[in-house]
Structure formats: C-alpha cells, structure tokens
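So the chains spell out like this:
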Amino acid sequence: MTWRTRAIALWALVLVTLGMGAAWVLVIEPRLNRTVADTLGRGEYELVMTGGGAFTEDTLRDGPSAVFFGFTHCPEVCPTTLGDVTYWQELLAEEGKGPLRVYFVTVDPERDTPEMLEDYVSWAPGVIGVSGDPAEIDKAIRAFRVFTRKIPLDDGDYTMDHSAFVLLFDAKGRFDQPISYGEDTDRAMAKIRRLVAG
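Here the structure is a predicted model, which is why all the values come from computation and not from measurement.

Caption draft 1: Structural context of the sheet that holds strand 1 (residues 47–49). Taken in spatial order, the 7 strands make up an open sheet running 2-1-5-4-3-8-9, and their pairing is mixed. Looking at the sheet topology across the chains shown, the edges are occupied by strand 2 (54–55) and strand 9 (175–179). Here strand 4 (residues 101–106) runs beside strand 5 (residues 127–131); their pairing, made up of 4 bridges, is parallel. Its bridge partner being in strand 5, F104 is matched across the sheet by G129. Helix 5 (residues 134–144) contacts strand 1, strand 2, strand 3 (65–70), strand 4, strand 5 and strand 8 (166–169) of the sheet and is inclined by roughly 120 degrees relative to strand 3. Here helix 6 (residues 185–197) sits on the sheet in contact with strand 3, strand 8 and strand 9, set at roughly 160 degrees to strand 9.

Structural data, given as structure tokens:
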C-alpha cells in the first residue's frame, strides 16, 4: 500500500467518523432523549374551534391551556369534568388569575358538530369546543395519545369509551402534567396554579 493510498484511506475514515458523529448529534441522540413532554400534542392535525379558528399544535403555544377529549352524548365523565373545570375557573377568578384556556376535543365527530359543541360547552367558562373531519380527529387522538373506542349499544346506537384526564400544557405548548378524572380539588388546583404562574 502506497503512502497516497494510506492517506486517502485515512481521510475516508475521518470523513466517515465525522459523518457518524454528526448523525448522532443531529438525529439519533435528540430522538433518544425526547420525552413525552416534547411530543405530546405535536402533529399535523387541523381542527375547527367553536367561535371560529383552527385548532393546531400552534394553538397550544398561545398561553397555558388544558385539553380534554370527550363527546356530547357522554353520560357522566364529560359533564363531571366540565363541572370540575367550572369550579377551577371560579377559584382562579377569586385569586385574580385565569381563566385557563380549556379545549374540549370531541372523540365523536360523526355527531358532534362545532355548533353542537358550542352549545354543550357554553356554560363552562373558558372552554372552547373542538371538532372537525374524522380523519383530522384521528390525527389529534394519536398526537395526544388518548384512548378512544366506539361501543355499539343494543338499540343500534353507540357510545364512546375514552381517556378521562385533562392534559395541561405550558405557555410554550409543552405538556406539563395530567389531572386525573375525579382528582382531589386541592391537588388539581396546585397543578393549575403552578402552570399559570410559570
């Protein structure tokens, strides 16, 4: 092997090593270190908000917010959660804070039009209904990693099973933490206060 051949081989090895290092730093390592907070709510979905406007991942960057997935024919979880949200908003108002922006995203776009959602959430302060094309709803369900399943009923109708937590997002649109269904008010408010103060 000549000196020139060795030099070319050495330079090729250096370039391959640099390329692998760049791939690690720019692509592989960031993907390995991404957390749920970095990815939850991120995606290419575009939904319709009651009152107008599009709901996308950028919507979450407009200030602290909460996202809840449900549907208007929900017998218990959704109205109870809206009641909890109303109480949280009242407590924030008493403290001179809020209201927290809350997005109620339907898991039942076949029945839940924006008009129906607007009526459904109208009594809960700060809550905005979100609906859209079923394919876009499916994208949002995947982006927020919520569970949903259509359940046929004996009378030919159906209901929906779905995740029952409220997801909190900070002012930069980054997932903060969840509030579980039926969570103690003091614990829920501690999370919300920390969110709006941050």
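Read on for the rest.
Caption draft 2: Local environment of the side chain of T86. When you line up the elements, T86 lands in helix 3 (residues 77–94). Not counting residues up to four positions away in its chain, the partners in contact with T86 are W123, A124 and P125.

Caption draft 3: Fine view of the nonpolar core. Grouped together as the largest cluster of nonpolar side chains are 49 residues, with contacts concentrated most on F55, V67, F69, F104 and F144. Looking at which element gives the most residues to this core, the answer is helix 3, with 6 residues. When sequence neighbours within four positions are dropped, the list of residues in contact with F69 reads V105, V107, A140, I141, F144, V146, H162 and S163.

Caption draft 4: Representation of the pattern of salt bridges. Considering all chains together, one arrives at 13 salt bridges under this definition. Between E95 and K97 there is a salt bridge, with its nearest N and O atoms 3.6 Å apart. Relative accessible area serves as the criterion here: at 33%, K97 is assigned to the partly exposed category. Three or more residues joined by partner-sharing salt bridges are found here, namely E57, D58 and R61.

Caption draft 5: Focus on the confidence of the model for the chain. Of all residues in the chain, 82% have pLDDT values of 70 or greater, and the mean over the chain is 87. Across residues 28–33, confidence stays below pLDDT 50; counting only partners more than four residues off in sequence or on other chains, it has 6 contacts.

Caption draft 6: Focus on helix 5. Looking at helix 5, one finds that the buried residues are E136, I137, A140, I141, A143 and F144. For helix 5, the arc enclosing every buried residue in end-on projection is 165 degrees, short of the 170-degree limit, so these residues lie on one face. You can read the cap of helix 5 off the contacts: a side-chain oxygen lies 2.9 Å from the backbone nitrogen of A135, and it is on D133. Immediately beyond the C-terminal end of helix 5, within one or two residues, lies R145, with a positive phi of roughly 55 degrees.

Cut-off values and rules
Residues numbered from 1 in each chain as written. Predicted model: local features only at pLDDT ≥ 70, side-chain atom pairs only at ≥ 80, totals over all residues. Heavy atoms only, no water. Pairing = 2+ DSSP bridges. Helix = DSSP H or I, 4+ residues; strand = E, 2+ residues; numbered from the N terminus. Contact = heavy atoms within 4.5 Å. Axes fitted to C-alpha atoms, helices over the stretch in contact; angles between N-to-C directions. Core = buried A, V, L, I, M, F, W, Y, C linked by side-chain atoms within 4.5 Å. Buried < 20%, exposed > 50% of the residue type's maximum accessible area, 1.4 Å probe, protein only. Salt bridge = Lys/Arg side-chain N within 4 Å of Asp/Glu carboxyl O. pLDDT = per-residue confidence, 0-100. Arc of directions from axis to C-beta. Polar contact = N/O pair within 3.5 Å; in protein donor to acceptor, adjacent residues only side chain to side chain.

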